[in-house]
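Remarks on the overall topology
Listed below are the residues making up each chain.
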Amino acid sequence: MTFKTTDLSDANPEVQVGEPMWRHFGGVTVFSGPIATLQVFEDNALVRTILEEPGEGHVLVVDGGGSLRCALLGDQLAALGIQNGWAGVVIHGCVRDTEDLAHLPLGILALAPHPRRSIKRGQGTRGGTLHLAGLTLKPGVYLYADADGVIVSDHKL
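Before going into details, it helps to say that this report is about the structure given with it.

Calculation rules
- Residues numbered from 1 in each chain as written.
- Predicted model: local features only at pLDDT ≥ 70, side-chain atom pairs only at ≥ 80, totals over all residues.
- Heavy atoms only, no water.
- Helix = DSSP H or I, 4+ residues; strand = E, 2+ residues; numbered from the N terminus.
- Buried < 20%, exposed > 50% of the residue type's maximum accessible area, 1.4 Å probe, protein only.
- Contact = heavy atoms within 4.5 Å.
- Areas by Shrake-Rupley, 256 points an atom, 1.4 Å probe, with all protein chains shown as cover.
- Lys, Arg positive; Asp, Glu negative; His and termini not counted.
- Charge placed at Lys NZ, Arg CZ, Asp CG, Glu CD.
- Pairing = 2+ DSSP bridges.
- Phe/Tyr/Trp six-rings, centres within 6.5 Å; stacked < 30°, edge-to-face > 60°.

1. Some points on the overall build of the protein chain
Along the backbone of the protein chain there are 4 helices and 14 strands. Split into buried and exposed, the 157 residues of the protein chain put 48% on the buried side. Long-range contacts, defined as pairs at least 24 residues apart, comprise 74% of the intrachain contacts of the protein chain with a sequence gap of at least 6. On the protein chain, roughly 7500 Å² of surface is accessible, and the fraction owed to carbon and sulfur atoms is 48%. Positive and negative side-chain charges of the protein chain, numbering 12 and 17 respectively, have mean locations separated by a distance of 9 Å.

Encoded structure:
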């Protein structure tokens, strides 16, 4: 995948540009795709459920409430995402197994690392509109991420 968010932003001034709050943790730092959304809090059971489904090049955006008390994604769930064709995962929360994540062919953005796993109750909301980092994120809009940041477009660029 070859693009630069700087060039896409310059050529498409209507795109949304995210605030710089995420860090790259995956082995892929340039990724894009239509998004799927999920809202949870310190519970990653639905993250697993979604990553077990065919990703078809989508990016899963998880609003974890910005919690810094546990991780919502680790190496096992990332491996599921790879097996099922997800392009990336963006977590408004934490990840774990970061040394392993860095070697996996998946785009992963999150706020920070954390060693504690989450609870698994299966609570959350799939498919809603999320408001993160100054972005309005709806299922089907396109997310583009690289070392310079995240941009979102209503259509494929």
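2. Details of the sheet that holds strand E7 (residues 94–95)
With parallel pairing, the 3 strands of this open sheet are ordered in space as E5-E7-E9. Edge positions in the sheet fall to strand E5 (71–73) and strand E9 (112–113), since each of these pairs with one other strand and no more. As judged from the 2 bridges shared by E5 and E7, these two strands associate in the parallel manner. Bridge pairing in E7 links alanine 71 to cysteine 94.

3. Structural notes on the packing of aromatic side chains
Counted under the stated rule, the structure contains 1 aromatic pair. Relative to tyrosine 144, the ring of phenylalanine 3 has its centre 5.3 Å away and its plane inclined at 90°; by these criteria the two rings are edge-to-face. Residue phenylalanine 3 is located in the segment before helix H1 (5–11), and its partner tyrosine 144 is located in strand E13 (residues 142–146); the two are separated by 141 residues in the primary sequence. Its relative accessible area of 15% is what places phenylalanine 3 among the buried residues.

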